[in-house]
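Each chain, written out:
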2 protein chains.
Amino acid sequence: MIYEPIFLDEKSGLPMYRQLYDSIKEKICGGCPAVGEKMPSIRRISEELGVSRTTVEQAYQQLCVEGYLVSRPQSGYYVEAAVIEKSAGSSNEISQNEPEPLVKYDFGSRYIDARSSDLDLWRKYVRSVLSREDIVSSYGHYQGEPELRVQLARFGSLLRGVNSSPDRIVIGAGVQPLLSLICGLLGERAGRVGIEYPCFPHAERVFRDFRLTITELGQDKYGVTPQELYSSKIDVLYLNPSNTESLGRPMPVSRRAQLLEWAERTDGLIIEDDYNGALRFRSRPVPSMQGMDGGERVIYLGSFSKLLMPSVRISYMALPPALAELYRSRGAAYNQTSSKIEQLALAEFIRDGQIEKRLRRLRKIYSEKSELLISLLNEYFGSTAGIRLAETALCAELSVSCGKDSRELAAAALAAGVRVIPTDTGKGSAKLRLSFAGIASEDMREGVRLLHTIISPYCR
Amino acid sequence: MIYEPIFLDEKSGLPMYRQLYDSIKEKICGGCPAVGEKMPSIRRISEELGVSRTTVEQAYQQLCVEGYLVSRPQSGYYVEAAVIEKSAGSSNEISQNEPEPLVKYDFGSRYIDARSSDLDLWRKYVRSVLSREDIVSSYGHYQGEPELRVQLARFGSLLRGVNSSPDRIVIGAGVQPLLSLICGLLGERAGRVGIEYPCFPHAERVFRDFRLTITELGQDKYGVTPQELYSSKIDVLYLNPSNTESLGRPMPVSRRAQLLEWAERTDGLIIEDDYNGALRFRSRPVPSMQGMDGGERVIYLGSFSKLLMPSVRISYMALPPALAELYRSRGAAYNQTSSKIEQLALAEFIRDGQIEKRLRRLRKIYSEKSELLISLLNEYFGSTAGIRLAETALCAELSVSCGKDSRELAAAALAAGVRVIPTDTGKGSAKLRLSFAGIASEDMREGVRLLHTIISPYCR
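Residues numbered from 1 in each chain as written. Chains lettered and ligands numbered in written order. Predicted model: local features only at pLDDT ≥ 70, side-chain atom pairs only at ≥ 80, totals over all residues. Heavy atoms only, no water.

Before going further, it helps to examine the packing of helix α14 (residues 354-381) of chain A against helix α16 (residues 441-455) of chain A. All names here are of chain A. At their nearest, the axes of α14 and α16 sit 10 Å apart, and the two run at 30 degrees to each other. As summarised for this structure, α14 and α16 are arranged roughly parallel, according to the angle between their axes. Remark: the crossing between α14 and α16 carries right-handed chirality. Contacts between α14 and α16 involve K369, L372, L373, L376, L377, E379, Y380 and F381 from the first element and S441, M444, R445, V448, R449, L451, H452 and I455 from the second. Grouping the amino acids of the contact of α14 with α16 by side-chain chemistry returns 10 nonpolar, two polar and four charged. (Axes fitted to C-alpha atoms, helices over the stretch in contact; angles between N-to-C directions. Helix = DSSP H or I, 4+ residues; strand = E, 2+ residues; numbered from the N terminus. Parallel < 35°, antiparallel > 145°, perpendicular 65-115°, else oblique. Left-handed = near helix turned anticlockwise from the far one by under 90°. Contact = heavy atoms within 4.5 Å. Nonpolar A, V, L, I, M, F, W, Y, C, P; charged D, E, K, R; others polar.)

In structure tokens form, the structure reads like this:
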């Protein structure tokens, strides 16, 4: 068996998948297993070596990308080539200008800690839709599948107090295509856009691409101030009231009311990005501004990547009646971007109450994980750092007085195998975010200990 | 058995699925089957009544949308409600301002004539990807999955002469998100955009949304003329050279060379939308302009909806080196819109040679179907109409001298159960397009006969 002489060392500092990848590559290049031979199954390697299936999958996937292995559906993995020729100007290579660092403790926000039971359940729904012939062989509805819009109207109303009929809901593959749609619908009305600082970079990117005039608005401890709104002469306000970055908590209801009053008085429009709005575990979620307003002056944006699976790109928006009418008059000239099959799977998933069940479970998991992370940070960094929970972002925030900036600290941590998220701050202090969504609870202590070892020499 | 007293009449003029839907709804409202009861499987109804599974699925789907049935994954369909209350202001209804007409003969372009073998093969690839744990629980690459970009670079080069490394390829869920990206990257450089007339409406929509100045360019029998390009002072030219609408055939190579010369001389940029560029069956495909140019002044756009399944929204573009560099510098601020699972399924599908196999089969099928449709149109309309094949659009074009315009004729045909695509023309004549991609060969004669009966009274 090819994996018999493979020894993996948990303490080597190299991630397990990387060690496995190196070992298998070496064997293949040594001629055994030979080209054309079938590789042992992921399950089998996982059992024999006592590593997770994900580890084996990552190693196999990398070997596939590089052309050593090939995956044949419903059959398995086969050796494709023993030596990969790298000709100088080969046009079929992915350039290595962004090599993936070897991350052992990932406090980044790219993964979620999915239990296999969740994955299996979601797969069941996708498979069920996939087996329906008419769905796969026809185009989807440009506005999004009607079944899903019905469910989203119900779900948004129930969980977030969103006031919308399915007719006013538009689905898209993430917030960006929806914001592009909004910019197109608003036309000249979107001349000046006000944003919070820091702003969600993907949103700011869209406003810049549309060459709108962007104004960063002054904030106090409750978020954007009404004074700033009136004096800045903006037409549109883009907000994350459930997840105000600079506050680390939702914007209070009183401030929300003041902002809505601004929109009412000046004929302004608010784009409410409710990223992770429902996923709160310390307090009850604050209902959406769109619902407070009745949906006349607020466009509501909701998304599912953290609530479901990050690979599923389904977002939605609820448009005010007049914009919804304009959208429908142009509708056939817009293509739907979100996968039809995943949309229909999500519709049935919501209809069956699965999303609420999942939300309850995630609240419990994240509540426990966040407490663990905060207590570990307190244990290691203690009084030398500011430690704060950013609940909706699923992060702990670590502020240190430091000779280096956040990016430099994050790079040093990454070089040692710990991924954290640098956050822009002024000179003399650095702010790092540690997401607890992706990392396993049992890896947290060692990750925090290592981070402390690396960054404490730079800090005062 | 609930379906025993169901009689379906092929000659009733009502589509079979609609008859089935009506019968089942009547039974449910009559209390048998009762709420909570399990419905017979699609396969069983299909066999017992001798109708296609698609027909049963369409009926069940409609009943699900309306709330009479509910589909439980891996289990089946159940009766959910016997009476649907329609309260006046209910916010959970999809408004009926666009009722679906009852189409018996569909010469529209919304479906493809998918054989179940094709569907099964595609499903096999999706299922295989779906079973990989790491893929479902992590975000995709913003530029598109590396495996797929490697395959697209190879595929584009092989089939369309596209000159690009995987690094310069960007994937998106259709042409619209990619055009939005292009407009954002070009910034002020995209001030004036030249288009053909008629232009692909989804592309024109994006340019209008970005508030660019749009110039419709004059054309001769080879397409857009170089004179027009020089005199119009445009910065960017958007073209469908494989599928020039006004020509009904690809733009000849000599004209392509003249347009490339314009780009070279004036520092202009060409966006080459190669919709269906590879899917030719009467002649060999003309290689892409991007390949002629070497990829410096041309952005190549390719798509898969007609080559694969319409439900799969995967398009790609090959950027010139300078724009690719600009894109990568901003890359992390853009989200990928295309489904990660479908992208990886497509990568393996291409790698295994399935797309070339499918292309060969589609060429044969469409060659036969197009000949049949043209001969039927000649038989019924003969010398009273202009009849032309629009090869890449998978359509036959029917031009008639007529007191009504195209839209009125298409509406009259639709009312009688025949869907055709109206095409804008001047007064006194009407142009209809009939797609042969979706309709079954055996339905074509009756469809053409019916169309002739309806529109000949209006025509001279």
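Moving on, there is more to tell.
Attention now goes to unusual backbone geometry. Phi is mostly negative for residues that are not glycine, and the peptide bonds are mostly trans. Of the consecutive residues Y197 of chain A and P198 of chain A, the connecting peptide bond is found in the cis state with omega at -5 degrees. Along the polypeptide, P198 of chain A turns up in the loop between β5 (192-195) and α8 (201-209). Of note in this structure, R211 of chain B is not a glycine but carries a positive phi near 55 degrees. As for its placement among the helices and strands, R211 of chain B is situated in the loop between α8 (201-209) and β6 (213-216).

Let's shift gears to the sheet that holds strand β17 (residues 429-435) of chain A. Residue and element names in this part refer to chain A. Strands sit in the order β13-β14-β17-β16 across an open sheet of four strands; the sheet is antiparallel. The strands lining the two open edges of the sheet, one partner per strand, are β13 (385-390) and β16 (421-423). Here the average twist between neighbouring strands, direction ignored, is 25 degrees. Summarising the sheet, β13 and strand β14 (residues 395-401) pair through six bridges and their orientation is antiparallel. (Pairing = 2+ DSSP bridges.)

Attention now moves to the packing of helix α6 (residues 146-160) of chain A against helix α13 (residues 340-351) of chain A. All names here are of chain A. Between α6 and α13, whose axes approach to 8 Å, the crossing angle comes to 40 degrees. Put simply, α6 runs oblique to α13. Handedness of the α6/α13 crossing: left-handed. Residue-level contacts link E147, L148, Q151, L152, R154 and F155 of α6 to Q343, L344, L346, A347, I350 and R351 of α13. A per-class count over the contact of α6 with α13 returns seven nonpolar, two polar and three charged.

The next point concerns the state of the cysteines. As enumerated under the stated definition, the model contains zero disulfides over all chains in all. C183 of chain A takes part in no disulfide bond, and the closest cysteine sulfur to it belongs to C199 of chain A, at a distance of 12 Å. (Disulfide = S-S within 2.5 Å.)

It is worth spelling out the sheet that holds strand β14 (residues 395-401) of chain B at this point. Residue and element names in this part refer to chain B. If you walk across this open sheet you meet the four strands as β13-β14-β17-β16, and the pairing is antiparallel. If you trace the sheet from one side to the other, it starts and ends with β13 (385-390) and β16 (421-423), each paired once. This sheet shows a mean twist of 25 degrees between the axes of neighbouring strands, independent of strand direction. Across the sheet, helix α14 (residues 354-381) touches β13, β14 and β17 (429-435), and the angle it forms with β13 is around 175 degrees. Against the sheet, helix α15 (residues 406-415) engages β14, β16 and β17, with an angle of about 50 degrees to β17.

Opposite charge on two side chains makes pairing possible when the charged atoms of those side chains draw close. All names here are of chain B. Scanning all chains against the criterion turns up 34 salt bridges over all chains. Across the salt bridge formed by R132 and E348, the nearest N and O atoms sit 3.1 Å from each other. Within this pair, whereas R132 is found in the loop between α4 (116-130) and α5 (133-136), its partner E348 is found in helix α13 (residues 340-351), the two being separated by 216 residues in sequence. Both residues of the pair, R132 and E348, count as buried. E397 is the salt-bridge partner of R433, the closest N and O atoms lying 2.8 Å from each other. (Salt bridge = Lys/Arg side-chain N within 4 Å of Asp/Glu carboxyl O. Buried < 20%, exposed > 50% of the residue type's maximum accessible area, 1.4 Å probe, protein only.)

This brings us to the side chain of R123 of chain A. By secondary structure assignment, the location of R123 of chain A is in helix α4 (residues 116-130). When neighbours within four sequence positions are excluded, R123 of chain A is seen to be in contact with L130, S131, R132 and E133 of chain B.

To continue, consider the environment of F107 of chain B. Structurally, F107 of chain B is set in the loop between β3 (105-106) and α4. What F107 of chain B contacts, discounting residues up to four positions off in sequence, is L373, V418, R419, V420, I421, R433, L434, S435, I439, M444, G447 and V448 of chain B.

Another aspect to go through is the relation of the copies chain B and chain A. Least-squares fitting of chain B to chain A yields an RMSD of 0.1 Å, with the superposition described by an axial translation of 0.0 Å and a rotation of 180 degrees. Each copy turns onto its partner about a two-fold axis. With an isologous cut-off of 70% or more, the 100% of interface residues of chain B that recur at the interface of chain A puts this contact in the isologous class. (Least-squares fit on C-alpha atoms with pLDDT ≥ 70 in both.)

This brings us to the confidence of the model for chain A. Residue and element names in this part refer to chain A. Here chain A shows a mean pLDDT of 84. Residues at 70 or above account for 88%. Of all helices and strands in chain A, the one with the weakest mean pLDDT is helix α3 (residues 53-65) (76), whereas strand β4 (residues 169-172) scores best (97). Here residues 85-93 scores under 50 on pLDDT; set against residues more than four positions off or in separate chains, the count is 11 contacts. For this predicted complex, the interface score ipTM comes out at 0.73, while the overall pTM is 0.75. (pLDDT = per-residue confidence, 0-100.)

Residue and element names in this part refer to chain A. One ladder, built from four bridges, connects β5 with strand β6 (residues 213-216); its direction is parallel. In the sheet register, I195 faces β6, and the bridge partner there is E216. Handedness of the crossover joining β5 and β6 through α8 is recorded here as right-handed. (Right-handed = clockwise from strand over helix to strand, strands pointing away.)

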